Amino acid sequence: MTQDSIYADKQQQVQAFRFDDKVTRVFADMIQRSVPGYGLTLQMIAVIAAQYAQKDSVLYDLGCSLGAATLALRHGIQTEGCRIVGVDNSEAMLDTCLGYVKADDSNVPVELKHADIQDVVIENASVVVLNFTLQFIALQEREALLNRIFQGLRAGGVLILSEKISFDDLGKNERQTQLHEVFKRSQGYSELEVSQKRQALENVLIPESLEDHHARLKQAGFADSQTWFQCFNFASMLAFK
Ligand code: GEK
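Residues numbered from 1 in each chain as written. Predicted model: local features only at pLDDT ≥ 70, side-chain atom pairs only at ≥ 80, totals over all residues. Heavy atoms only, no water.

### Describing the packing of helix α5 (residues 139–152) against helix α8 (residues 210–220)
- In contact at an axis separation of 9 Å, α5 and α8 are set at 45° when each is read in the N-to-C sense. If you check the angle between α5 and α8, you find them oblique. The two elements α5 and α8 meet at a crossing, and its hand is right-handed. Facing α5, whose interface residues are L139, R142, E143, L146, N147 and F150, α8 presents R216, L217, Q219 and A220.
- Each residue belonging to the contact of α5 with α8 can be placed in one class, and the counts come to five nonpolar, two polar and three charged. (Axes fitted to C-alpha atoms, helices over the stretch in contact; angles between N-to-C directions. Helix = DSSP H or I, 4+ residues; strand = E, 2+ residues; numbered from the N terminus. Parallel < 35°, antiparallel > 145°, perpendicular 65-115°, else oblique. Left-handed = near helix turned anticlockwise from the far one by under 90°. Contact = heavy atoms within 4.5 Å. Nonpolar A, V, L, I, M, F, W, Y, C, P; charged D, E, K, R; others polar.)

### What to know about the site of the ligand
- Close contacts around the ligand come from 21 residues, with Y38, G63, S65, D88 and N131 the closest.
- The backbone of N131 places a nitrogen or oxygen atom 2.9 Å from a nitrogen atom of the ligand.
- Contact with the protein chains hides 94% of the accessible area of the ligand, taken as 650 Å² for the molecule alone.
- In the shell around the ligand, the residues fall into 12 nonpolar, seven polar and two charged. (Near = heavy atom within 4 Å. Polar contact = N/O pair within 3.5 Å; in protein donor to acceptor, adjacent residues only side chain to side chain. Areas by Shrake-Rupley, 256 points an atom, 1.4 Å probe, with all protein chains shown as cover.)

Now the structure itself:
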């Protein structure tokens, strides 16, 4: 795994974060050292797929990056006739993802689409995954996307929604943000790396509170939603149709 040192040297001007070739090369290391509990979300995506993948249905991984959640779904599925659709709008990510999918030994069909997740048709779905992707969609577009996911899910289907979150209470927000930064330092990132990355993600990654996420899920029509995981300012929710 190539180590992420993108923000190790002082940059004259920190550019807005993009999922380009440079990020793709180090992404596996970057996400693991930046998102507390990332590995657990992947492990449980497989468990959730084992429980909720329905016979002859489609499982979607929206914002699939290198396909980590795609492969978790693939190995979690316990029923027949399923296929997986992975979608990402970064060409670099999708090219590398294709290599990983080909090298993987499961024979559950996987289709990778280079597209905006806001344009992809979602139908006959039993499981939809947004593993740290919704946070990159403009706030005003999120409702329409969740509505389409709800419409595309079968009865009994689920959405797994993992996000960086914020807290309305400023004190709580500050404490959890600090703990996240201490986590990043414990993973070997320097203070400079943490602060330059924070700058790069400003206005690119827009976190919302758990309350806002659950309200939007309810609004979209989900019968229930639960936070099944939280570590500092990262969380994963499960919404049921
Ligand atoms: C994992 N789920 O490893 N359309 C398609 N893709 C998009 C869009 C969009 N509008 N916006 C962002 N992306 C993965 C990790 S990373 C999370 C997901 C992170 C893609 C973007 O190109 C990137 O690959 C992914 O969403 C977000 O479980 O970097 O924190």
